[in-house]
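# Coordinate analysis (summary)
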Amino acid sequence: MPMYKNCVNCKGPLQPFRHTVEAEQIYLIKEKELSPAEANGFWRCQGMDGACRRVQHHLNQSEGYTLPEELA
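Everything numeric here is computed off the predicted structure, so don't read it as measured data.

## Quick notes on the sheet that holds strand β4 (residues 54–57)
Reading across from one edge, β1-β2-β3-β4-β5 is the order of the five strands in this open sheet, with antiparallel pairing throughout. Bordering the open sheet on either side are β1 (3–5) and β5 (60–66), each of which pairs with just one other strand. Neighbour-to-neighbour, the strand axes of the sheet open up by a mean angle of 40 degrees, direction not taken into account. Two elements, strand β2 (residues 15–19) and strand β3 (residues 42–45), share three bridges in a ladder whose sense is antiparallel. In the strand pairing of β3, R18 is matched with R44.

## Observations concerning the nonpolar core
Core analysis: the largest hydrophobic core is formed by eight residues, namely Y27, L28, L34, A39, F42, V55, L67 and L71. In this view, A39 contacts T20, Q25, L28, I29 and L34; residues no more than four positions away in its chain are not counted. Judged by nonpolar contacts, the second largest core, of six residues, contains C7, F17, W43 and C52.

## As for helix α1 (residues 22–31)
All buried positions along α1 are accounted for by E24, Q25, Y27 and L28. Down the axis, α1 shows its buried residues gathered within 155 degrees of arc, on one side only. For α1, the exposed residues set more than 90 degrees away from the buried face come down to E22 and K30. Where α1 is buried, its residues contact β2, α2 (36–39), β3, β4 and β5. Directly after α1, the chain includes E33, whose backbone phi takes a positive value near 55 degrees.

## Some words on the side chain of K5
Its location among the elements puts K5 in strand β1. Engagement of the side chain of K5 in a polar contact is seen with the backbone oxygen of H58, the distance being 2.8 Å. In contact with K5, not counting residues within four places along its chain, are L14, Q15, F17, Q56 and H58.

## Quick look at the pairing of β4
Going residue by residue along β4, you find R54 and Q56 tucked away on one face and V55 and H57 tucked away on the opposite face as well. Sheet topology places β3 next to β4; three bridges connect them, and they run antiparallel. Across the sheet, the residue bridging to R44 is V55, located in β4. Direction of pairing for β4 relative to β5: antiparallel, over a ladder of four bridges. Residue pairing for β5: H57 is matched across the bridge by N60. Connecting β4 to the antiparallel partner β5 that follows it, the hairpin turn spans two residues.

What counts, and at which threshold
Residues numbered from 1 in each chain as written. Predicted model: local features only at pLDDT ≥ 70, side-chain atom pairs only at ≥ 80, totals over all residues. Heavy atoms only, no water. Pairing = 2+ DSSP bridges. Helix = DSSP H or I, 4+ residues; strand = E, 2+ residues; numbered from the N terminus. Axes fitted to C-alpha atoms, helices over the stretch in contact; angles between N-to-C directions. Core = buried A, V, L, I, M, F, W, Y, C linked by side-chain atoms within 4.5 Å. Buried < 20%, exposed > 50% of the residue type's maximum accessible area, 1.4 Å probe, protein only. Contact = heavy atoms within 4.5 Å. Arc of directions from axis to C-beta. Polar contact = N/O pair within 3.5 Å; in protein donor to acceptor, adjacent residues only side chain to side chain.

Okay, structure coming up:
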């Protein structure tokens with residue numbers, strides 16, 4: 001079930017977010033040097049018809065990243 005939050009990439013109304021999948025969490029661990037527990041707290045925006053690549057912490061929208069196109 002999605003959670004609705006503001007997305008700094010999409011702007012506008014609240015966007016649906018889903019929990020990150022394994023490949024996205026691996027990227028956060030390796031490239032952003034997050035611990036597995038930290039990476040597990042991130043959600044991915046499903047805005048722009050699923051094309052948005054923004055991931056952000058579920059409690060802090062300013063703590064987030066734009067995933068590379070390979071993970072689109």
